[in-house]
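Residue strings, one per chain:
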Amino acid sequence: IGARAVPLEREAIAWCRLSPRGGAAWAIAKWATAAVMAIPLQLAASGAVFLGLRPAPAEMLRMVGVPLVALLLALAVGVWFGARFGDPAWTNPRAMMRLSGRLLAMPAFLAQGVLWVGGYLLPLVRGSGEFPLAAFGVAVALAAAILGISLRLAAKQIPRITLQE
């Protein structure tokens, strides 16, 4: 969702150059828009899991919190990918990003997924039996830093998007 938020603008992205707000406001707005679309889906999935499994409250916090933080981070990285590799002249929704962006985005998101799942499962494998809340705090802080960097990179890239005719 995040990677498609910028190319979806098509030629309207040119207004970013005229806007007094600049690329940062556009990047944050694109991230927030993608979050508004994605978070209800994630919460609905979490609700279904809750209704089916009836986990303890602490475990439910982990079951909602970890995927929510991962989602917000993935959306920010996606906005940067969309700003960097998006094609405003796309003709097919599958081609909203240039080939180079599609080739780089898949390994980037797979690596992010492996790190999140691995980080979540590591305490279970080591025998502690649960994901510690302190580790969740570290993951949130790290995700917030990467989120900020991704949005900053997108903010720099958005005003540079050129329209090809």
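Because the structure is predicted, anything quoted here is derived from the model rather than measured. (Residues numbered from 1 in each chain as written. Predicted model: local features only at pLDDT ≥ 70, side-chain atom pairs only at ≥ 80, totals over all residues. Heavy atoms only, no water.)

Caption draft 1: Local environment of the overall build of the protein chain. A tally of helices and strands in the protein chain yields six helices and zero strands. For the protein chain, the sequential pattern of α-helices and β-strands runs α-α-α-α-α-α. Looking at the protein chain as a whole, 36% of its 165 residues are labelled buried. A fraction of 71% describes how many contacts in the protein chain between residues 6 or more apart in sequence connect residues 24 or more apart. Accessible surface, the protein chain: about 9700 Å² in total, of which carbon and sulfur atoms supply 71%. (Helix = DSSP H or I, 4+ residues; strand = E, 2+ residues; numbered from the N terminus. Buried < 20%, exposed > 50% of the residue type's maximum accessible area, 1.4 Å probe, protein only. Contact = heavy atoms within 4.5 Å. Areas by Shrake-Rupley, 256 points an atom, 1.4 Å probe, with all protein chains shown as cover.)

Caption draft 2: Geometry of the environment of phenylalanine 50. Relative to the elements of secondary structure, phenylalanine 50 occurs in helix α3 (residues 23–53). The spacing of phenylalanine 50 and methionine 60 is ten residues in sequence and 7.2 Å in space, taken between C-alpha atoms. Excluding residues within four positions of it along the chain, phenylalanine 50 makes contact with Pro55 and Met60.

Caption draft 3: Representation of the nonpolar core within the structure. In this structure, Trp31, Leu75, Trp116 and Leu151 are the most contacted members of the largest nonpolar core, which totals 29 residues. Sorting the residues of this core by element identifies α3, α4 (57–85), α5 (99–125) and α6 (133–157) as the ones contributing at least two each. The contact partners of leucine 151, leaving out residues within four places of it in the chain, are Ala27, Ile28, Trp31, Ala76 and Val79. (Core = buried A, V, L, I, M, F, W, Y, C linked by side-chain atoms within 4.5 Å.)

Caption draft 4: Representation of the packing of aromatic side chains. With the rule as written, the count across this model stands at four aromatic pairs. By the ring-pair criterion, three or more aromatic residues cluster together here, those being Trp80, Phe81, Phe85 and Phe109. (Phe/Tyr/Trp six-rings, centres within 6.5 Å; stacked < 30°, edge-to-face > 60°.)

Caption draft 5: Layout of unusual backbone geometry. A positive phi angle, near 50 degrees, is found at arginine 54, a position not held by glycine. The residue arginine 54 is located in the loop between α3 and α4 in this model. On the accessibility criterion, arginine 54 (56% relative accessible area) is exposed.

Caption draft 6: Spatial organisation of the environment of serine 100. On the secondary structure map, serine 100 appears in helix α5. Judged by its relative accessible area of 37%, serine 100 falls in the partly exposed class.

Caption draft 7: Structural context of the side chain of serine 150. Take serine 150: it is sitting in helix α6. Setting aside its immediate chain neighbours within four residues, serine 150 contacts Ala76, Val77 and Trp80.

Caption draft 8: View of the environment of proline 88. Note on placement: proline 88 falls in the loop between α4 and α5. Proline 88 gets classed as buried once you look at its relative accessible area, which sits at 7%. Linking proline 88 and arginine 98, residues ten residues apart in sequence, is a C-alpha distance of 9.7 Å.

Caption draft 9: Highlighting the packing of α3 against α4. The contact between α3 and α4 brings their axes to 9 Å, and the two run at 155 degrees. Between α3 and α4, the crossing angle belongs to the class labelled roughly antiparallel. Handedness of the α3/α4 crossing: right-handed. (Axes fitted to C-alpha atoms, helices over the stretch in contact; angles between N-to-C directions. Parallel < 35°, antiparallel > 145°, perpendicular 65-115°, else oblique. Left-handed = near helix turned anticlockwise from the far one by under 90°.)

Caption draft 10: Up close: α3. Taking 1.5 Å per residue, 31 residues should reach 45 Å; α3 reaches 43 Å between its end C-alpha atoms and fits that length. Valine 36 marks the point of greatest bend in α3, at about 30 degrees, and the proline proline 40 comes within the next four residues. In the stretch just after α3, arginine 54 is the one whose phi turns positive, near 50 degrees. (Expected span 1.5 Å × (residues − 1). Bend = angle between axes of the 7 residues up to and from the residue.)

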